[in-house]
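# Overview (structure and organization)
Residue strings, one per chain:
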Amino acid sequence: QKEVEQDPGPLSVPEGAIVSLNCTYSNSAFQYFMWYRQYSRKGPELLMYTYSSGNKEDGRFTAQVDKSSKYISLFIRDSQPSDSATYLCAMSAGLGKLIFGQGTELSVKP
Amino acid sequence: DGGITQSPKYLFRKEGQNVTLSCEQNLNHDAMYWYRQDPGQGLRLIYYSQIVNDFQKGDIAEGYSVSREKKESFPLTVTSAQKNPTAFYLCASSSGLAGGKPNEQFFGPGTRLTVL
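Since the model is a prediction, treat every value here as computed from it, not as a measurement. (Residues numbered from 1 in each chain as written. Chains lettered and ligands numbered in written order. Predicted model: local features only at pLDDT ≥ 70, side-chain atom pairs only at ≥ 80, totals over all residues. Heavy atoms only, no water.)

### Some points on the overall build of chain B
Heads up, the rule is: The helix count covers DSSP runs of H or I at least four residues long, the strand count covers runs of E at least two residues long, and both are numbered beginning at the N terminus. Within these notes, the globule rule equals 2.2 Å times the number of residues to the 0.38 power, and the radius of gyration is based on C-alpha atoms. Note on classification: 1.4 Å probe, protein chains only; a residue is buried when its accessible area is under 20% of the maximum for its type, exposed when over 50%, partly exposed between these limits. By definition in these notes, contact holds between two residues if any of their heavy atoms fall within 4.5 Å.
Each helix and strand counted, chain B has 0 helices and 13 strands in total. Taken from the N to the C terminus, the helices and strands of chain B come in the order β-β-β-β-β-β-β-β-β-β-β-β-β. What you see for chain B is a C-alpha radius of gyration of 14 Å, in line with the 13 Å of a compact globule of 116 residues. Judged by the C-alpha coordinates and their principal axes, chain B covers about 45 × 30 × 30 Å. Burial status across chain B gives 47% buried among its 116 residues. Counting contacts in chain B only where the partners sit at least 6 residues apart, residues at least 24 apart contribute 54% of the total.

### Considerations on the sheet that holds strand β1 (residues 4–7) of chain B
All names here are of chain B. Under the convention used in this document: In short, DSSP must find at least two bridges between two strands for them to pair. Structural elements are reduced to axes, namely lines fitted to C-alpha atoms, with helices fitted over the stretch in contact, and the angle between N-to-C directions of any two is expressed from 0 to 180 degrees.
Read across the open sheet, the 4 strands follow the order β1-β3-β8-β7; overall the sheet is antiparallel. At either end of the open sheet lies a strand with only one pairing partner, and these are β1 and β7 (64–66). Taking the axes of each pair of neighbouring strands and ignoring which way they run, one obtains an average angle of 20° across the sheet. Sheet topology note: the β7/strand β8 (residues 76–78) ladder contains 3 bridges and is antiparallel. Residue pairing in the sheet places Tyr64 in a bridge with Val78 of β8.

### What to know about the confidence of the model for chain B
Filter applied, for reference: As a per-residue quantity, pLDDT reports the predictor's confidence and falls between 0 and 100.
Across chain B, the average pLDDT comes to 92, with 95% of residues at or above 70. Taken element by element, the predicted model of chain B shows its lowest mean pLDDT in strand β10 (residues 97–98) of chain B (68) and its highest in β7(B) (97).

### A short note on the layout of surface pockets
Keep this limit in mind: Of the grid points, spaced at 1 Å and generated over the protein atoms alone, those admitting a 1.4 Å probe that cannot get out make up cavities, while open sets with protein on both sides within 12 Å along at least five of seven lines make up pockets; any residue with an atom within 4 Å of a point is treated as lining. Grid points are joined across faces, edges and corners, and a volume is the space filled by probe spheres set on the points. Ten residue types, Ala, Val, Leu, Ile, Met, Phe, Trp, Tyr, Cys and Pro, are classed as nonpolar, four, Asp, Glu, Lys and Arg, as charged, and the remainder, Gly among them, as polar.
Taken as a whole, the largest pocket spans an internal volume of roughly 500 Å³. What lines the largest pocket is a set of 24 residues, and nearest its centre among them are A:Gln38, A:Thr86, B:Gln37, B:Pro39 and B:Gly40. If you list the elements that add at least two residues to the lining of the largest pocket, you get β9 (85–92) and β11 (104–109) of chain A together with β9 (87–94) of chain B. Examining the composition of the lining of the largest pocket, we find that 3 residues originate from one element, β11(A), more than from any other. Classifying every residue of the lining of the largest pocket gives 8 nonpolar, 12 polar and 4 charged. Approximately 270 Å³ is the volume attributed to the second largest pocket. Lining the second largest pocket are 14 residues, with A:Ile99, A:Phe100, B:Leu43, B:Arg44 and B:Asp59 sitting closest to its centre. At the level of secondary structure, the elements contributing two or more residues to the lining of the second largest pocket comprise β10 (99–100) of chain A together with β5 (43–51) of chain B. Looking at which element gives the most residues to the lining of the second largest pocket, the answer is β5(B), with 3 residues. Taken together, the residues of the lining of the second largest pocket sort by class into 7 nonpolar, 3 polar and 4 charged.

In C-alpha cells:
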C-alpha cells in the first residue's frame, strides 16, 4: 500500500463547476499537507499549504484536512479553463522530505 | 530573477551511457532535491541534500548519483545501471526547515530524458 493515494482521474468538468480533489494517507506522522499545481511539461508550483486539521481558503481554492480520517481535499470553486492542470497532493512528517500522490489530471472545458 | 534552472530541457541518451543533468539555484536555499516523474506515478524522490557536501538517498536512488560541492548546484548523474531511465526529472530547492516545519519546495522546469 502506498503512503499517499490520490485519485488519478482524468477529471473533466465544465467551466464554472466546483471541483473536488482528494488524497488519503496511511502515515499518522504526516503533519504538513500541500497541494501543487503542474501545467503540462512544467515544474509543479505550490498552491496551498496547511499544517492543521480544518479548512484554509485562498480565493477560489479551499484546502481541507481531516487528520482523524487521514484525508485531505482541495476544492476549486467557479473553475476556469486556466485551472486545467495536474494537481498533486504532498505530505511531510517534518523531516524535509515530501511524499507525493500520483496526481490528478483536471480538464476544465469552456 | 531568482529561481531554479535545469539544463538541458530535452536529453537523448544511448543505452549504456552515463548522463549528467544540471540543476542550479540562486535562491540561496540550503536544501535541494531530485525527483523523477513517470506518467500516473506522481513524483518520486531520488536524492536530497540538506547542506553542502552532504546528501541522502531517497526512495529510488539505485542507478543514480549526485554531488553537492556548491550551495547553488546539485547535479544528477543517471548511470548505465539505471534500468529504466526514460522519465521527466525535476529538481527542487527549499530553505529547509523552520521550527521543524518544512518550507516550500520550489521546482525547476524539468529535464525530459529519453533513452534510445
